[in-house]
Amino acid sequence: MTKKIKLKISARLSKKRFRKQSQSSKKHCRFCSSPEMRQKIDYKNAAFLKGFLTERGKILPSRISGNSCLYQRRLAKEIKKARSMALLPYTTQHF
Amino acid sequence: MVRYETLVLTVPEITGDETKQVEKELTQLVEKNKGSFISFDRWGKYRLAYPVKKNEYGVYFLARFETATSSDLPKEVANLCKVKLNNIVMRDMTSRLADDASLAYQRPPSLEDTPTTRDVRTFLRENKMEGLLSTVDGNKKADAKPAEKAVEVTEEVEVAEAAAPVETDTADKE
């Protein structure tokens, strides 16, 4: 008789495996390939930067937006500049 | 030579004279420090992302100038905005422009660019609340769409009226 052996995988690992399988295409940085997009990273261009904020006004992580490390840093810097000039919110209003 | 730009946020109730004063003070300061003034743009009135000095609105100005590399001009401009123009200027930020950067830039649309008064009917239609359209009084100011609907209705009535006598005519002939 053969014994059935259950492989123990932690919930975290199984989630990670599921995530790896479900990702159909790898995310790519939209700034790396085009210089025109790079020029848009500017604190004055608040309408564009607003796309990189969450509903609460936090900066969207690169794990979600897919930005490369270099442009994520630049983007974050410009967003912080725009925030200090009241072009972008630090947070949504508290109720 | 290095290019700088200063974004100035002023109080919403700034007058034309005060605008000229800000521009004059900045140009004088730049010329005093042996720099050259490039441009002074009025962006217009904006709704701020958060209240600054208890003001919900503000007016933005963008000034650009050029000086020698070892100049103290950016600090001087900050001092001017914070001390002399304290009553008008709420926030200011001077940043260095990249050497190869073009002077063209994009700014968010101001309240003066976009029309503030909106039609009730268009608002209802955009937000998918067409059921409430009947509750709004049918004024002549309403858009083309309700007018078209009204025309269609009248046409149907006319057709029905026209169709009825035709049948009676044929019946008479028979």
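Right, let's walk through the structure included here. Since the structure is predicted, the reported quantities are computational estimates derived from the model, not experimental observations.

1. Re the sheet that holds strand β2 (residues 36-52) of chain B
Sheets are built from strands that pair by backbone hydrogen bonding, the pairs being arranged parallel or antiparallel.
Residues and elements named next belong to chain B.
Stage number 1. Spatially, 4 strands are ordered β2-β3-β1-β4 in an open sheet, and the strand pairing comes out antiparallel. Taken across any chain shown, the strands that pair with only one partner, and hence form the sheet edges, are β2 and β4 (89-96). Averaged over neighbouring strand pairs, the angle between their axes works out to 20° when direction is ignored.
Stage number 2. The sheet contact formed by strand β1 (residues 2-10) and β4 spans 7 bridges and is antiparallel. Bridge pairing links L9 to R91 in β4.
Stage number 3. Contacts from helix α2 (residues 73-84) reach β1, β3 (55-67) and β4 within the one sheet, and its direction differs from that of β4 by about 175°.

2. Quick notes on the environment of K81 of chain A
Stage number 1. Counting through the fold element by element, K81 of chain A comes out in helix α6 (residues 69-84).
Stage number 2. Separated by 39 residues in the primary sequence, K81 of chain A and D42 of chain A have C-alpha atoms spaced 9.1 Å apart.
Stage number 3. Those residues in contact with K81 of chain A that lie beyond four places of it in its chain are Y43 of chain A together with M93 of chain B.

3. Overview of the interface of chain A and chain B
Stage number 1. Contact residues are listed per partner, giving 13 residues for chain A and 13 residues for chain B.
Stage number 2. Of all the secondary-structure elements, those providing two or more residues to the side of chain A that touches chain B are α4 (46-49) and α6 of chain A.
Stage number 3. Here the side of chain A that touches chain B is built from residues that sort into 8 nonpolar, 2 polar and 3 charged.

4. Things to note about helix α1 (residues 11-22) of chain A
Stage number 1. For α1 of chain A, which comprises 12 residues, the first-to-last C-alpha distance of 16 Å matches the rise-based estimate of 16 Å (1.5 Å per residue) to within 8%.
Stage number 2. The element α1 of chain A is barely covered by neighbouring structure, given that only 0 of its 12 residues are classed as buried.

Cut-offs applied
- Residues numbered from 1 in each chain as written.
- Chains lettered and ligands numbered in written order.
- Predicted model: local features only at pLDDT ≥ 70, side-chain atom pairs only at ≥ 80, totals over all residues.
- Pairing = 2+ DSSP bridges.
- Helix = DSSP H or I, 4+ residues; strand = E, 2+ residues; numbered from the N terminus.
- Axes fitted to C-alpha atoms, helices over the stretch in contact; angles between N-to-C directions.
- Contact = placed C-beta atoms within 7 Å.
- Nonpolar A, V, L, I, M, F, W, Y, C, P; charged D, E, K, R; others polar.
- Expected span 1.5 Å × (residues − 1).
- Buried ≥ 20, exposed ≤ 12 C-beta atoms within 10 Å, placed from the backbone.

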